[in-house]
Amino acid sequence: MTTNLSNTVNISKNWPAPAKLNLFLHITGQRADGYHELQTLFQFIDQCDYLDFLPTEDKSIRLHSELSKVVAEKDNLILKAAKSLQEYCNYQGGAEIWLRKNLPMGGGLGGGSSDAATTLIALNKLWQLNLPQQTLAEIGLKLGADVPVFINGFAAFAEGVGERLVNVQPAELYYLVIVPNVHVSTQAIFQDPLLPRNTPKLLIDTLMDNKWTNDCQSLVAEKHPQVANALSWLVEYAPSRMTGTGACVFGEFEQQQTALDALAKLPKSMQGFVAKGLNQSPLLTRLSQS
């Protein structure tokens, strides 16, 4: 069954799934189970995917998106999030979901994890399940290590595999984000024997005074010249580094116009955008309006 979006008045629209940047990413060790211990600082930016939801009486979960053509259903985090929530609560209804995909895939901006978090938060509200945020975060962690920070909704210092969060208030700068035309496999990077795994841990009270780096950056830049080229161009204009395991890189600007001026000089072979750093997710604003 397909529902005509424009003719359906009961659809809950425009739930944002914002991108994030890792302002730094340090790998501090590897556990016996293979997972990596890390420290990172998450901040949202005002670039988002958007999701619309229509609760249904039958239990089926249907996703309407161009993403369905490139991501298998069993790997789609939106469907997995909705079904996980449904199963956790033994909920007898379902949903139709529409995704407007704006964020690049495999870029280190957390788009898939953010989509999953928005799905959990929106359906928890629309299905009137009333699960607490901590429970949603526990469900989300099983889907991906970044999902809890999007459910938390605030810029955060993260430890463990990324699930132990402390809210922080980094400067809300403007960022020129370059999107190299390459998909970086997070799994491949974390499995690479050359990845540094012994960076000393930072204390949260000295967090803002340290030089921020990304332990994955050198390895990714070596494997993917597109990332290396983007970094070498961007660093001429602003302090720059990679987010997550890549491929996206970002430069920091105090003024929006300065970032836009740099964007205007971006080589035609590269793609990018200017975004504002946000310490509170727009998803929390949308939730308060529902």
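Residues numbered from 1 in each chain as written. Predicted model: local features only at pLDDT ≥ 70, side-chain atom pairs only at ≥ 80, totals over all residues. Heavy atoms only, no water.

> Could you give an account of the overall build of the chain, naming the residues involved and the relevant values?
Broken down by element type, the chain carries nine helices and 10 strands. Taken over C-alpha atoms, the radius of gyration comes to 19 Å for the chain, in line with the 19 Å a tight globule of 290 residues would show. Its C-alpha atoms give the chain principal-axis dimensions of roughly 55 × 45 × 35 Å. With 290 residues in all, the chain has 55% of them scored as buried. Long-range pairs, those at least 24 residues apart, make up 76% of the contacts in the chain with a sequence separation of at least 6. Surface accessibility of the chain: about 13700 Å² in total, with carbon and sulfur atoms responsible for 49%. Each charge sign in the chain was given a centre, from 23 positive and 27 negative side chains, and these centres are 4 Å apart. (Helix = DSSP H or I, 4+ residues; strand = E, 2+ residues; numbered from the N terminus. Rg over C-alpha atoms; globule rule 2.2 N^0.38 Å. Buried < 20%, exposed > 50% of the residue type's maximum accessible area, 1.4 Å probe, protein only. Contact = heavy atoms within 4.5 Å. Areas by Shrake-Rupley, 256 points an atom, 1.4 Å probe, with all protein chains shown as cover. Lys, Arg positive; Asp, Glu negative; His and termini not counted. Charge placed at Lys NZ, Arg CZ, Asp CG, Glu CD.)

> Now, about the nonpolar core: what can you tell me, with residues and values included?
By size, the foremost hydrophobic cluster in this structure holds 36 residues, and its most contacted members are L85, I97, L120 and I151. A per-element tally of this core places helix 2 (residues 111-126) first, with six residues. Residues contacting L120, with those up to four places away along its chain left out, are A81, L85, L136, I139, G140, L143, V147 and I151. Core analysis: the second largest hydrophobic core is formed by 29 residues, L25, I27, Y174 and L176 among them. (Core = buried A, V, L, I, M, F, W, Y, C linked by side-chain atoms within 4.5 Å.)

> Kindly report on the pairing of strand 6 (residues 164-167), identifying the contributing residues and their values.
Here strand 5 (residues 156-159) pairs with strand 6 via four bridges, running antiparallel. Among the inter-strand pairings, E159 is bridged to a residue of strand 6, identified as R164. (Pairing = 2+ DSSP bridges.)

> Would you mind going over the packing of helix 1 (residues 77-89) against helix 2 in detail, with residue names and values included?
For the pair helix 1 and helix 2, the least separation of the axes is 8 Å and the interaxial angle reads 30 degrees. Handedness of the helix 1/helix 2 crossing: right-handed. Packed against helix 1, whose contacting residues are L77, I78, A81, A82 and L85, the element helix 2 presents G112, S113, D115, A116, T119, L120, L123 and N124 at the interface. (Axes fitted to C-alpha atoms, helices over the stretch in contact; angles between N-to-C directions. Left-handed = near helix turned anticlockwise from the far one by under 90°.)

> Could you give an account of the packing of aromatic side chains, naming the residues involved and the relevant values?
Enumeration over the complete set of coordinates arrives at seven aromatic pairs. Centroid distance F24 to F157: 6.4 Å. Interplanar angle 35 degrees. Geometry classified as tilted. Residue F24 is located in strand 1 (residues 12-30), and its partner F157 is located in strand 5; the two are separated by 133 residues in the primary sequence. Counting every residue linked through ring pairs, the aromatic cluster contains F24, F157 and W212. Directly above the aromatic system of Y174 lies the positively charged group of K276, at a separation of 5.4 Å from the ring centroid. The positively charged end of R286 is found above the aromatic ring belonging to W15, 4.3 Å away from the centroid. (Phe/Tyr/Trp six-rings, centres within 6.5 Å; stacked < 30°, edge-to-face > 60°. Lys NZ or Arg CZ within 6 Å of the ring centre and 35° of its normal.)

> Can you tell me about unusual backbone geometry, naming the residues and giving the values?
Cis peptide bonds are those with omega within 30 degrees of zero, and the linkage from G246 to A247 qualifies with 15 degrees. For N14, which is not glycine, the phi dihedral falls at a positive 60 degrees. Mapped onto the fold, N14 is located in strand 1. Not every positive phi belongs to a glycine, and Q128 is a case in point at roughly 55 degrees. When you line up the elements, Q128 lands in the loop between helix 2 and helix 3 (133-141).

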